[in-house]
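Each chain is listed here by its residues.
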Amino acid sequence: MKADPKADTAAAPSGSKKKLIIMILAAVLVLGAGGGAGWYFTQGAAAHGEEEEAPAKETKKKKKKNPEAKPEYVPIESFTVNLQPENGEQYLQVQFTLQVAGPEQATLVKDNMAIVRNRMLLLLSSKKASEISTVEGKQQLATEIRTATTEPFEKDGDEQEVSDVLFTSFIIQ
């Protein structure tokens, strides 16, 4: 007598299911081990006191930020500048405060106030009234002011740590 072909096909799936389960478990185990190793080398090394190597070439130097430093606020005197002409003569009168990281940064900005004011005058006088009259325009201007004030005061110097620009007066006439 011949063997029943249906009996062979019924036995095969149960064997292949076991193999499939074993393969899935092996894959999960390998992926878990790989993920754990990846975490260890990216996060674990820093947590164990090993220092990461600094990038070989930096375009701008930054000091290490002190997370415990209380933010300081440096008020900047009022500016009155001519805006780029659109509809006749227009002026901007603006006053703002810089939020910096700690008293060292506040002193650095105050000691270089002439450079800060020069950068602000050049930046503000390059604007049109239509660019800065909206909320988005003011937010963009604050970002540009922050970028201009973080630039190093000295060639090859460290960047300033300016974290925010807070407008205290803003008049377009």
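If you're wondering where the values come from, they're calculated on a predicted model, not measured in any experiment.

A. Spotlight on the overall build of the protein. Secondary structure summary: the protein contains five helices and three strands in total. Secondary structure elements of the protein, listed N to C terminal, follow the sequence α-β-β-α-α-α-α-β. Out of the 173 residues in the protein, the part that is buried amounts to 25%. The long-range share in the protein, meaning contacts at least 24 apart out of those at least 6 apart in sequence, stands at 68%. On the protein, roughly 12,600 Å² of surface is accessible, and the fraction owed to carbon and sulfur atoms is 56%.

B. View of the nonpolar core. Grouped together as the largest cluster of nonpolar side chains are 26 residues, with contacts concentrated most on Ile-76, Phe-96, Leu-98, Met-120, Leu-124 and Ile-145. Residue assignment for this core shows that the elements contributing at least two residues are β1 (72-82), β2 (91-100), α2 (103-111), α3 (113-125), α4 (129-132), α5 (135-150) and β3 (162-172). Beyond its immediate sequence surroundings of up to four residues, Leu-98 is in contact with Glu-72, Tyr-73, Val-74, Ile-76, Val-109, Ile-145, Thr-149, Val-162, Asp-164 and Val-165.

C. Up close: the sheet that holds β2. Taken in spatial order, the three strands of this open sheet run β1-β2-β3, and their pairing is antiparallel. Single-partner strands in this sheet number two, and they are β1 and β3. Within the sheet, the average angular offset between the axes of one strand and its neighbour, ignoring direction, is 20°. The pairing of β2 with β3 spans nine bridges and is classified as antiparallel. Looking at β3, one finds that Thr-97 is bridged to Leu-166. Here α3 sits on the sheet and contacts β1 and β2; the angle it forms with β1, its principal contact strand, is near 45°. Strand contacts of α5: β2 and β3, with the helix running at about 130° to β3, the strand carrying the most contacts.

D. Fine view of the packing of aromatic side chains. Here the structure, examined in full by the defined rule, presents three aromatic pairs. With centroids separated by 6.4 Å and ring planes inclined at 80°, the aromatic side chains of Phe-96 and Phe-167 adopt a geometry described as edge-to-face. Highlighted residues: Phe-96 in strand β2 and Phe-167 in strand β3, separated in sequence by 71 residues. Judged by relative accessible area, Phe-96 falls into the buried class, the value being 1%.

E. Looking closely at α3. Compared with the 18 Å implied by 1.5 Å per residue over 13 residues, the 18 Å span of α3 between its first and last C-alpha is a close match. Listing the buried residues of α3 in full gives Met-113, Val-116, Arg-119, Met-120, Leu-123 and Leu-124. Buried residues of α3, seen end-on, are gathered within an arc of 130° and therefore sit on one face of the element. Projecting away from the buried face of α3 at angles above 90 degrees are the exposed residues Ala-114 and Leu-122. Buried-residue contacts for α3 involve β1, β2, α2 and α5.

F. Here's a closer look at the pattern of salt bridges. Enumeration according to the criterion identifies one salt bridge in this entry. Salt-bridge contacts for Lys-127 lead to Glu-144; the nearest nitrogen and oxygen are separated by 2.5 Å. Within this pair, whereas Lys-127 is found in the loop between α3 and α4, its partner Glu-144 is found in helix α5, the two being separated by 17 residues in sequence.

G. Just α5, in detail. Between its first and last C-alpha, α5 extends 23 Å over 16 residues, near the 22 Å set by a 1.5 Å rise per residue. Within α5 the residues assigned to the buried category are Gly-137, Leu-141, Ala-142, Ile-145, Ala-148, Thr-149 and Thr-150.

H. Focus on the packing of α3 against α5. The geometry of α3 relative to α5 is characterised by a closest axis approach of 10 Å and an angle of 145° between their N-to-C directions. Crossing hand, α3 versus α5: right-handed. Contacts from Val-116, Arg-119, Met-120, Leu-123 and Leu-124 in α3 reach Leu-141, Glu-144, Ile-145, Ala-148 and Thr-149 in α5. Residue composition of the contact of α3 with α5, by class: seven nonpolar, one polar and two charged.

Cut-offs used in this document
Residues numbered from 1 in each chain as written. Predicted model: local features only at pLDDT ≥ 70, side-chain atom pairs only at ≥ 80, totals over all residues. Heavy atoms only, no water. Helix = DSSP H or I, 4+ residues; strand = E, 2+ residues; numbered from the N terminus. Buried < 20%, exposed > 50% of the residue type's maximum accessible area, 1.4 Å probe, protein only. Contact = heavy atoms within 4.5 Å. Areas by Shrake-Rupley, 256 points an atom, 1.4 Å probe, with all protein chains shown as cover. Core = buried A, V, L, I, M, F, W, Y, C linked by side-chain atoms within 4.5 Å. Pairing = 2+ DSSP bridges. Axes fitted to C-alpha atoms, helices over the stretch in contact; angles between N-to-C directions. Phe/Tyr/Trp six-rings, centres within 6.5 Å; stacked < 30°, edge-to-face > 60°. Expected span 1.5 Å × (residues − 1). Arc of directions from axis to C-beta. Salt bridge = Lys/Arg side-chain N within 4 Å of Asp/Glu carboxyl O. Left-handed = near helix turned anticlockwise from the far one by under 90°. Nonpolar A, V, L, I, M, F, W, Y, C, P; charged D, E, K, R; others polar.

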